[in-house]
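An overview of the molecular structure
Here is how the chains run, residue by residue.
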Amino acid sequence: MPEAPKQLQVVGGDKNVSDKNNKALEFIEDVTSQADEIQKRVLAEILSRNAHVEYLSRYGLNGRTDRESFKKLVPVVVYEDLQPDIHRIANGDKSPILCSQPITEFLTSSGTSGGERKLMPTIDEEMERRSLLYSLLMPVMDQFVSGLDKGKGMYFLFVKSEAKTPGGLLARPVLTSYYKSRHFKERPHDPYNVYTSPNETILCQDSYQSMYSQLLCGLLQNKEVLRVGAVFASGFIRAIRFLEKNWTNLCGDIRTGVLNAQITDPGVREAMMKILHPNSKLSDFIEEECKKDSWKGIITRLWPNAKYIEVIVTGTMSQYIPILDFYSNGLPLVCTMYASSECYFGVNLQPLAKPSEVSYTLIPTMAYFEFLPIHRNNGVSDAIALPDSLYEKEQNELVDLVNVKLGQEYELVVTTYAGLYRYRVGDVLRVAGFKNKVPQFNFICRKNVVLSIDADKTDEVELQNAVRNAVNHLEPFGATLIEYTSYADTSTVPGHYVVFWELRVGSTPVPPSVFEDCCLAIEESLNSVYRQGRVSDKSIGPLEIKIVETGTFDKLMDYALSRGASINQYKTPRCVKYAPIVELLNSRIISSYLSPKCPKWAPGHKQWNSQI
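Read on for an overview of the structure. This structure is a prediction, so every number in the text was calculated from the model and none was measured.

This part is about the pairing of strand β21 (residues 496-504). Along β21, eight of the nine residues are buried, which leaves the element largely enclosed by surrounding structure. Note: strand β20 (residues 480-489) against β21, nine bridges, orientation antiparallel. Note that in β21 the partner of Tyr484 across the bridge is Trp501. In textbook terms, the turn of a hairpin is the stretch between consecutive antiparallel strands, and for β20 and β21 this stretch comprises six residues.

With that settled, the discussion passes to the sheet that holds strand β8 (residues 333-334). Strand order in the open sheet formed by four strands is β3-β6-β7-β8, with parallel pairing between adjacent strands. The sheet is open, and its two edges are formed by β3 (152-156) and β8, each paired on a single side. Both β3 and strand β6 (residues 225-232) contribute to a ladder of five bridges, which runs parallel. When the bridges of β6 are listed, Lys152 appears paired with Val225. Lying over the sheet, helix α11 (residues 233-256) contacts β3, β6 and β7 (308-312), oriented at roughly 120° with respect to β6.

Judged from the three bridges that link them, strand β9 (residues 337-339) and strand β10 (residues 344-347) form a sheet pairing that is antiparallel. Across the sheet, residue Ala339 finds its bridge partner in β10, namely Tyr344. What sits between the antiparallel neighbours β9 and β10 is a turn of four residues. When β10 meets strand β11 (residues 360-362), the two strands line up antiparallel, connected through two bridges. By the bridge assignment, Gly346 is partnered in β11 with Leu362.

Let us now look at the packing of helix α10 (residues 207-220) against α11. Look at α10 against α11: their axes get within 9 Å of each other, and the N-to-C directions meet at 70°. Taken together, the axis directions place α10 and α11 in an arrangement best described as roughly perpendicular. Seen from above, α10 lies across α11 with right-handed handedness. Here Tyr208, Met211, Tyr212, Leu215, Leu216, Leu219 and Leu220 of α10 come into contact with α11, specifically with Arg238, Ala239, Phe242, Leu243, Asn246, Asn249, Leu250, Asp253 and Ile254. In terms of residue class, the contact of α10 with α11 is made up of twelve nonpolar, two polar and two charged.

Turning our eyes to something else, we now look at the packing of aromatic side chains. What the rule picks out here adds up to 22 aromatic pairs. Note on Tyr55 and Tyr59: the rings are 5.3 Å apart at their centroids and 65° apart in plane angle, and the pair reads as edge-to-face. For Tyr59, a relative accessible area of 29% corresponds to the partly exposed category. If you follow Arg129 out to its NZ or CZ, it ends over the ring of Tyr417, 3.6 Å from the centre. Over the face of the ring belonging to Phe184 we find Arg187, whose NZ or CZ atom lies 4.1 Å from the ring centre.

To continue, consider helix α19 (residues 528-535). By the criterion of burial, α19 is predominantly enclosed, with seven of the eight residues buried. Sitting at the head of α19, Asn527 places a side-chain oxygen 3.0 Å from the backbone nitrogen of Val529.

The next thing to look at is the nonpolar core. Of all hydrophobic cores here, the largest spans 152 residues; its most connected members are Phe236, Ile299, Trp303, Phe369, Leu412, Trp501 and Ile522. The leading source of residues in this core is α11, at eleven residues. With 16 residues, the next largest nonpolar core counts Met141, Leu148, Leu157 and Tyr192 among its residues.

One way to put it is that helix α17 (residues 460-471) packs onto helix α18 (residues 512-525) with a least axis distance of 8 Å and a crossing angle of 140°. One element, α17, and the other, α18, form an angle in the oblique class. Considering only the axes of α17 and α18, their crossing is right-handed. Facing Glu462, Ala466, Val467, Asn469 and Ala470 of α17, the residues of α18 in contact are Cys518, Ala521, Ile522 and Ser525.

As a further point, take the sheet that holds β21. Taking strand neighbours across the sheet as the criterion, the four strands line up as β20-β21-β22-β23 in an open arrangement whose pairing is mixed. In the strand order of this sheet, the two ends are held by β20 and β23 (589-594), each with one partner. Each strand of the sheet is rotated relative to its neighbour by a mean of 20°, with strand direction disregarded. Two elements, strand β22 (residues 544-548) and β23, share five bridges in a ladder whose sense is antiparallel. Considered in β23, the bridge of Ile545 is made with Tyr593.

Quick notes on the rules
Residues numbered from 1 in each chain as written. Predicted model: local features only at pLDDT ≥ 70, side-chain atom pairs only at ≥ 80, totals over all residues. Heavy atoms only, no water. Buried < 20%, exposed > 50% of the residue type's maximum accessible area, 1.4 Å probe, protein only. Helix = DSSP H or I, 4+ residues; strand = E, 2+ residues; numbered from the N terminus. Pairing = 2+ DSSP bridges. Contact = heavy atoms within 4.5 Å. Axes fitted to C-alpha atoms, helices over the stretch in contact; angles between N-to-C directions. Parallel < 35°, antiparallel > 145°, perpendicular 65-115°, else oblique. Left-handed = near helix turned anticlockwise from the far one by under 90°. Nonpolar A, V, L, I, M, F, W, Y, C, P; charged D, E, K, R; others polar. Phe/Tyr/Trp six-rings, centres within 6.5 Å; stacked < 30°, edge-to-face > 60°. Lys NZ or Arg CZ within 6 Å of the ring centre and 35° of its normal. Polar contact = N/O pair within 3.5 Å; in protein donor to acceptor, adjacent residues only side chain to side chain. Core = buried A, V, L, I, M, F, W, Y, C linked by side-chain atoms within 4.5 Å.

Okay, here's the thing in structure tokens:
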């Protein structure tokens, strides 16, 4: 067996930058050339370390580390299968249940289970793997965009609320964990990774103060900014909208050199005063640009040296591409990496590819990867069908990383160092090509998700239960719900959920306030990720119910049949994305109502106690 490539050593200092970049590219070349050998080693290493954990012992693996025994004895699982074990760990059981190393914290997945965040176990050394993947991004980008070491990146990065499980372990989003780690806070100087935002502004818990100060930093250093971005496209657009609302205050700060009194965080104030000095010329320039009637191209106008926008625009985030193009005059949209709470997976080796052509190369050292083949159900129209009706699992055995087929779609299954074994991630991927022996995947969708605006993911069952709860408000008036569907409306900032209702009305008119109560009832029934976006992050706008004319859903079926759907297989889609269908629904609106206030959401440990 060839010697496995050593984990990449990240070095700092300008003198070593070129050498570091070359080593990163060599690492990618090595691991993609020896993919299957490395995958065998990774699996053997995971199984050897965890030979005596309770979970593997249940299935009679008895210390075996070969791939054949693993596949024969260990089942493929979803989160619900692991919940009893995860609950034990969360409640303080320190025995080796899933992993021989101590579970140091839980990473909260934006995917939901039973209406709440999933808890993904992690161990200390996983931070090294995440840091490794981050260290590959700029060496790859440097091949396509020159001079990135001569300026700065303006990125809008935020921490989110943390909770503690009853057993005392932190539960927080993976990026919050990373930003609060020494790997981020004490990172060595790298001219390719200099940000306009000081750490204090990123780590500020107050979302308003964090956004304000990060925007101010970006404006103060506008000529030095060579790249801009956020994690999700929705987050970057939210920053631009924040600028639209607050540019006069920001200009005032720049003109006077005095930080707005609303910024009260001591660490942020101290960091800002190091770079904030009176600059009337810059303030005049920003004011002149922001006062113009159109904000088309505002990004390239305020940050004239920006070369690209780095945001996730694959999957549900693709809905934001038109507005990003509007604000940036068509700057390249770059997706650099593919990761989740369960595991960091891979990188985009062609970062300037069009969003529709983005593919990710999985790094074989990150975890052990398997793939569950799936196929489209051709009897249902792609235009209006739901993810559940688009895909059917094939009964084939899972295939390994090097055995996937070009053009085939798969659900990703991972085995991690932190205690997940043959875990179905829920992502649907399509093989787009190969880098040496490693496949490159297009991200198609998140399985079962029907609605998403930001980090939220709402599935069909959850939406159905929420609508059922809301419809109870109509009973006193004799009104009943005939049909419904939904739509993620991103024409507003922030975007919001729209639910179309066709009703059979009773003898008593339904007051507008009752429909507003229905909006709130749906929101109250949705998961904590959605409610946090509404209440704390302000990344999601009020939910809207649109009442449509009688017969509207018959028209919707007629349209589907005209496009080739089978009348025997047709069912009303619970989410629509196809523009002509949205237009059809909007053309038949009788009235619309918005949620009158935010739903309940409480940060902290209460949600974990109720869940565990």
